[in-house]
Protein chains: 4
Amino acid sequence: MKMLSKSLSAFALAGVITSASAATVVNQSISEAEVIGAQKAWCQALIDISSTYAKDGQPAAKALAEKVIDSAYGYQMGAVLFKPTLTVAPQTFRTTREGALAYFVGGNSDYPQDKGFALKGWTKCEPQNAGVFIAGDSATSMGNVMMTNKDGQVTTVDKTWTYVKDDAGNLRIVVHHSSLPYTGK
Amino acid sequence: MKMLSKSLSAFALAGVITSASAATVVNQSISEAEVIGAQKAWCQALIDISSTYAKDGQPAAKALAEKVIDSAYGYQMGAVLFKPTLTVAPQTFRTTREGALAYFVGGNSDYPQDKGFALKGWTKCEPQNAGVFIAGDSATSMGNVMMTNKDGQVTTVDKTWTYVKDDAGNLRIVVHHSSLPYTGK
Amino acid sequence: MKMLSKSLSAFALAGVITSASAATVVNQSISEAEVIGAQKAWCQALIDISSTYAKDGQPAAKALAEKVIDSAYGYQMGAVLFKPTLTVAPQTFRTTREGALAYFVGGNSDYPQDKGFALKGWTKCEPQNAGVFIAGDSATSMGNVMMTNKDGQVTTVDKTWTYVKDDAGNLRIVVHHSSLPYTGK
Amino acid sequence: MKMLSKSLSAFALAGVITSASAATVVNQSISEAEVIGAQKAWCQALIDISSTYAKDGQPAAKALAEKVIDSAYGYQMGAVLFKPTLTVAPQTFRTTREGALAYFVGGNSDYPQDKGFALKGWTKCEPQNAGVFIAGDSATSMGNVMMTNKDGQVTTVDKTWTYVKDDAGNLRIVVHHSSLPYTGK
């Protein structure tokens, strides 16, 4: 988990710079580059969970998914506003870590509809932002994410992610709304 | 410009209090009550545009929709991340005021798919939050909104709204992701 | 007053960019460069009030000081936490616009100790930051400001300024603590 | 690392509530009560360091001061903008943890002027706010702090503190400007 392995000197390297005027500058703002980086990390994690599942089975995929959730989402802040792509009422919204984990890797009898979204053999995942709104200490991206499975089929979703920074300077997802495109009928 | 029309005393009434210790307190945080209020205002605006359309026609509804967009959304900040319920590619995302207006009241040949979502005879609109995440200077709600039309049919959507406060202390929507529930097939 | 003359297109030019990926980006974070710019503007305003006083008298200096306060400070948000360099109890803290104006240009019998700090013939003003802390939507600078009067005498103060951004994208001072250096005895 | 020692249930008790509508609410805003609490904690820590010094000597006082700095200040974010009451150039500003520690308990040959402010036999410490400005995710207080030593002598300082919340929900001082009142001559 990235946050835990960061030393104080890593802090200094990552977020504190000395400006031309020799003033120490601490900048906790979120940049567009950090948003792009967090999106790529999310996509890579999806692919990694899929390949871990294929090679090592569901328990290994679940263990990885837990690591991903604990490092990339903000459940330890109390809750995440998460509306996954394929959930149905009355379990549409996954504000708890357990609900997120069930969605990604299934295998939880409390969430009987969950087949494990991250187990679907994803081999490619590509975000394409329509817009990014940086409010200073939070940042939201909206756009499409195109995910390709091992058969080459592409699933496109409409995706909104809101990030805040944790104490270690890492972005964490606190809002995640994903939906299939409206088909016009 | 709204900020200018508000007097300092209105400011004082709204956002500045004197604490027990006689210190002047300015509090720009967003409260859950303000989020609930903004949601109710959005719902009421939807109903009002529908009834204005029924009584006075599209131009009157459009004029009202413009007022609503200009007071309840944050397009003057540069863009809003808006994914309406019923839009289709390549016009899924409506980051401009013009795109939002076309979605709500139609009548814009640049957006030929738009029939005018707010013109559909809505008579009731009810938000039901799954969660609210207040990051301090922004706040996001996620949950369902149930909208009833004049025939009594209810449309339920999954809805995410993120708000920031403007200089006058009013919440403005800067992120709006709405989608039809996944049907499970 | 800068805020009033900004058109919506100015908004677009100032704060909204299109990234490499063609996503619209709204960035409301405060940058170090904006902090430096606001400090220089404060210094220039001090010099301008002094020279206006010398040329055109106190009423003209007062009119200019009002413009400066209304554009560079955040009194319209309800209050500013202002501890000027030379105020004494029980009027040490100037949380109101009136108190700030009295400090800068004097001439207010409710503030009998105020001689008008900005009228002291300042010809040069130079900030030197020890540090800048950007929390995202607020930013604070701390350091020295060296002010030179027409006789070449330099006054150095320890200075803290906290800024927030208004709707027009301009920084406004909401905290200002200024003090003479401790002399060690 | 504080964040790790807090359990999720502690999080839940502190910052997450269930609203009337059964929505989960995460609120990361800073309240005035939290600011008052942090001020009282700072005052108590000052008294505790003084009494520890009297009873157990400088090394014990230093150990306590380190604990206080590490829990109440934000040095681990990269820097704190700290202008203590009694420092002199060129060591006026203490943006590093080491500089803060030297100021509070002395005994550091790199800071030869530092006698140890927290060792001065403080028995009482009382904040009196002129104003509090809550920007959402940061909050600043400005006012006086009256400190009484064991001989009953009272020292009054003009004090500005800015706080942000860490991942565990605790306020941390990121700006601290303290100065002796201007004496009018």
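Residues numbered from 1 in each chain as written. Chains lettered and ligands numbered in written order. Predicted model: local features only at pLDDT ≥ 70, side-chain atom pairs only at ≥ 80, totals over all residues. Heavy atoms only, no water.

Let us now look at the relation of the copies chain C and chain A. Once chain C is rotated about the relating axis by 180 degrees and shifted along it by 0.0 Å, it coincides with chain A to within an RMSD of 0.0 Å. Such a combination of rotation and displacement between the chain copies is what one expects of a two-fold axis. Of every C-alpha in chain C, the one belonging to Gly 136 of chain C sits nearest the axis of rotation, 2.0 Å from it. When you check the interface residues of chain C against chain A, 100% turn up at the interface there too, and the contact is symmetric in its surfaces. (Least-squares fit on C-alpha atoms with pLDDT ≥ 70 in both. Contact = heavy atoms within 4.5 Å.)

Another aspect to go through is the state of the cysteines. Residue and element names in this part refer to chain B. Taken as a whole and judged by the stated rule, the model has four disulfides over all chains. A disulfide bridge connects Cys 43 with Cys 125, and the sulfur atoms are separated by 2.0 Å. Taking the sign of the S-S torsion, -50 degrees for the link of Cys 43 and Cys 125, the bridge is left-handed. Here Cys 43, found in helix H3 (residues 32–56), pairs with Cys 125, found in strand E4 (residues 122–134); they are 82 residues apart in sequence, far enough to count as distant. Grouping residues by exposure puts Cys 43 and Cys 125 together as buried. (Disulfide = S-S within 2.5 Å. Helix = DSSP H or I, 4+ residues; strand = E, 2+ residues; numbered from the N terminus. Buried < 20%, exposed > 50% of the residue type's maximum accessible area, 1.4 Å probe, protein only.)

At the interface, 37 residues of chain C touch 37 residues of chain D. Both sides of the chain C and chain D interface together cover about 2600 Å² of buried area, and 74% of this is carbon and sulfur. Contact with chain D buries surface across chain C, with Phe 133, Met 142 and Tyr 182 of chain C losing the most and accounting together for 26% of the total. On inspection of chain C and its partner chain D, the count reaches two salt bridges. The salt bridge partner of Lys 83 of chain D is Asp 158 of chain C, with a shortest N-O separation of 4.0 Å. Seen at the junction of chain C and chain D, the total is five residue pairs in polar contact (both at pLDDT 80 or more). For the side of chain C that touches chain D, the per-class residue count stands at 16 nonpolar, 17 polar and four charged. (Buried area = accessible area lost by both parts, 1.4 Å probe. Salt bridge = Lys/Arg side-chain N within 4 Å of Asp/Glu carboxyl O. Polar contact = N/O pair within 3.5 Å; in protein donor to acceptor, adjacent residues only side chain to side chain. Nonpolar A, V, L, I, M, F, W, Y, C, P; charged D, E, K, R; others polar.)

This paragraph deals with the interface of chain C and chain A. Taken together, the contact pairs 20 residues of chain C with 20 residues of chain A. Here chain C packs against chain A, burying approximately 1600 Å² in sum over the two surfaces, 48% of which is carbon and sulfur. Ranking the residues of chain C by area buried against chain A places Val 26, Glu 32 and Ile 134 of chain C at the top, with a combined share of 25%. Here chain C is connected to chain A by zero salt bridges. Remark: the boundary between chain C and chain A carries 10 residue pairs in polar contact (both at pLDDT 80 or more). Within the residue set of the side of chain C that touches chain A, elements represented by two or more residues are strand E2 (24–27) and strand E4 (122–134) of chain C. Element by element, the count of residues in the side of chain C that touches chain A is highest for E4 of chain C, at six residues. Split into classes, the residues belonging to the side of chain C that touches chain A amount to nine nonpolar, nine polar and two charged. Two strands pair when backbone bridges link them, and strand E2 (residues 24–27) of chain A and E4 of chain C are joined in this way by four bridges, in the parallel orientation. (Pairing = 2+ DSSP bridges.)

Turning our eyes to something else, we now look at helix H5 (residues 97–105) of chain D. Residues and elements named next belong to chain D. Buried residues dominate H5, accounting for seven of its nine residues. Taken as a whole, H5 has its buried residues at Gly 99, Ala 100, Leu 101, Ala 102, Tyr 103, Phe 104 and Val 105. Against the buried residues of H5 lie helix H3 (32–56), helix H4 (58–72) and strand E3 (81–83). Remark: Gly 106 follows H5 within two positions and exhibits a positive phi of approximately 60 degrees.

All names here are of chain C. The interhelical angle for the contact between helix H4 (residues 58–72) and helix H5 (residues 97–105), taken along N-to-C directions, is 135 degrees, at an axis separation of 10 Å. Comparing their axes, H5 and H4 come out oblique. The handedness of the crossing between H4 and H5 is right-handed. Of the residues in H5, those touching H4 at Gln 58, Ala 61, Lys 62, Ala 65, Glu 66, Ile 69 and Asp 70 are Arg 97, Ala 100, Leu 101, Phe 104 and Val 105. (Axes fitted to C-alpha atoms, helices over the stretch in contact; angles between N-to-C directions. Parallel < 35°, antiparallel > 145°, perpendicular 65-115°, else oblique. Left-handed = near helix turned anticlockwise from the far one by under 90°.)

Remember that the coordinates give geometry; whether it matters functionally is a separate question.
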